[in-house]
Amino acid sequence: MHNPIYLDHNATTPVDPQVADAIEPYLRQHFFGNPSSNHIYGQRAHDAVEKARYQVATLIGAQHDEILFTGCATEANNLGIRGVAEAMRNKGRHIITSSIEHPSVSAPLQLLKRNGWEVTVLPVDKYGLVSVESVKNALRPDTVLVSIMHANNEVGTIQPISEISDMVRPKGILLHTDAAQSVGKIPVSVDHLGVDLLTLAGHKFYATKGIGALYVRKGTPIEPLIVGAGHEQGLRPGTENVPAIVGIGKAAELIYKSDGFEGITLRILRDILHERLLEAVPDLKLNGHPDMRLPNTLNVSFPNITGRELLKQAANDVAASLGSACHEESDKVSGVLGAMGLSQQRAQGAVRFSVGVSTSISDIEWAASTLVSALCECGLKSACHIPDKNKLICNKQIYPH
Ligand code: PLP
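Residues numbered from 1 in each chain as written. Predicted model: local features only at pLDDT ≥ 70, side-chain atom pairs only at ≥ 80, totals over all residues. Heavy atoms only, no water.

Colleague: Explain the packing of helix 4 (residues 73–87) against helix 5 (residues 103–114) to me, please; I cannot follow it from the model alone.
Modeller: Working note: a packed helix pair is described by the angle between its axes plus the distance between those axes. Where helix 4 contacts helix 5, the axes come no closer than 9 Å and their chain directions differ by 30°. Between helix 4 and helix 5, the angle falls in the class roughly parallel. Handedness of the helix 4/helix 5 crossing: right-handed. Seen from helix 4, the contacting residues are Thr74, Asn77, Asn78, Ile81, Arg82 and Ala85; seen from helix 5, they are Ser104, Val105, Pro108, Leu109, Leu111 and Leu112. Taken together, the residues of the contact of helix 4 with helix 5 sort by class into 7 nonpolar, 4 polar and 1 charged. (Axes fitted to C-alpha atoms, helices over the stretch in contact; angles between N-to-C directions. Helix = DSSP H or I, 4+ residues; strand = E, 2+ residues; numbered from the N terminus. Parallel < 35°, antiparallel > 145°, perpendicular 65-115°, else oblique. Left-handed = near helix turned anticlockwise from the far one by under 90°. Contact = heavy atoms within 4.5 Å. Nonpolar A, V, L, I, M, F, W, Y, C, P; charged D, E, K, R; others polar.)

Given below as C-alpha cells:
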C-alpha cells in the first residue's frame, strides 16, 4: 500500500524540513520565554519573532514594522477589511470586491453589509479575471476600500492588481489583496502591486498551519478586531505563537533565497500533467486563465464524469480536490466556476490539481497514469486507447511505486 500522490498544495503545503528544524528549538529549548518578558528568555523569544518579521517583510518588499502576525489568513483578511472599514466609517461606507473571493473575504464583507456598509461585487470573465474598467466604473465618492484577491485558489487566475492600484490609490482609496495563494508561488512585492494591505498564509508556503500575516502599509488607518494588550502594535493582541512565527519567517527566507526558481519547475510539472490528461481526454477543458495563472495550478473539467466520481475512483493513488478545500463536503458546485459562467455540467466535471516543491516528475507520471486508468474504468472510452508512449493504459498495476 502506498500513499496517494499529493496534488493539493493549494489546500495546504507540507512543512519544509528546514522550517521544522528552525521551529524545533522553540519547542524544546526556548519554549518558556514570553516575547513580552524583560528577562533573557523573553528577550530570546522576542528576537525570534522580530527576525521572522524581517524575513516575511523581505519576501514581499515591506518594512518589518508593516507586518502583523495573525492566527491564519482568514484572520488577516478579517482584520484588513473590517479593521479598515471601522477606521474609515466616517469617511465612507462603500467597498468594492470581486465575485470569486475566498469566503474569508466575502464573509466579512457580508457582515459589514448587514451593518450598513454597501458592497459592490464585480463580475469576472470566463477566465476568472476582474476587468480594471469594471473597478473604475464601480468607484464612488464614498468608496473607501477595494479588496480583490491576487490569485484565485481554485483556478489560479492572477488579477491585474497593479493596474487596479494605479486607478484607485491616487483617489485616496485603500487597496487590499488576499495573496494567500500567490506568496511562495510567484514573486510578490507590495510596492510593485501598489497595495495598502496584503494577506499571507504560512501553510500555503511550507510553514505550519495556524499562522498568517497581514501587511499594513505605514499610515493606513486600521482598528483592531479584538482588544487586549499592546501586541502587534495593538492591532492583534495576545501572546505571540513563537514557534509558528519562527516557521513562517524561515519559510519566507527559503522562498526569498530560491529567487523564483521553483515557479519554473512547478510550471513544467503542471504542464506535463495537463498534456498527459489531454492525450487521453481530448475534450478536457482548462478552467482559469491560460497564461495569467499560478504556475502550480491546473483546474480542468472532464467530460461525462463528475470530478467527485473521478477523485473517488482514483482515491488510492491521487489526492486532489474539487476546488476550495473549504467546500469539499458540499454538493454545490463551486461559486468561482459559476461566477466564470461555466455550465453546471462543466463545473461538476472540474478537478483542481496543485503541485508543490516536493512533487517529482515520477509523481506526475504516476498520477496521470492512474487518473487515466480511473477514467477508463469509469467508462470514458478515449482514456482506454491512448498511445503506449508512457504505458498509460487502463491497467492500474503498470506503475510500481
Ligand atoms: N484566502 C485564500 C485565497 C485561500 O485559498 C485560503 C485558504 O484556502 C484562505 C484565504 C484562508 O486561509 P486559512 O484557512 O489559513 O485562514
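Colleague: What's the story with the pattern of salt bridges in this structure? I'm lost.
Modeller: Side chains that differ in charge, positive against negative, can pair when their charged atoms come close. The final tally for this structure, using the stated rule, is 16 salt bridges. A salt bridge links Glu253 to Lys257; the shortest N-O distance between them is 3.2 Å. Taken as a pair, Glu253 and Lys257 lie in helix 9 (residues 242–258) at a separation of 4 residues, close to a single helical turn. Note on Glu253: relative accessible area 17%, which makes it buried. On the accessibility criterion, Lys257 (61% relative accessible area) is exposed. Between Glu279 and Arg276 there is a salt bridge, with its nearest N and O atoms 3.7 Å apart. Here the residue Glu279 and the residue Arg276 both occupy positions in helix 10 (residues 261–280), the gap between them amounting to 3 residues, near one helical turn. Owing to a relative accessible area of 28%, Glu279 belongs among the partly exposed residues under this scheme. Overlapping salt bridges, with partners in common, bring together Glu50, Arg53 and Glu232 in one network. (Salt bridge = Lys/Arg side-chain N within 4 Å of Asp/Glu carboxyl O. Buried < 20%, exposed > 50% of the residue type's maximum accessible area, 1.4 Å probe, protein only.)

Everything listed is a geometric property; what it means functionally is a separate question.
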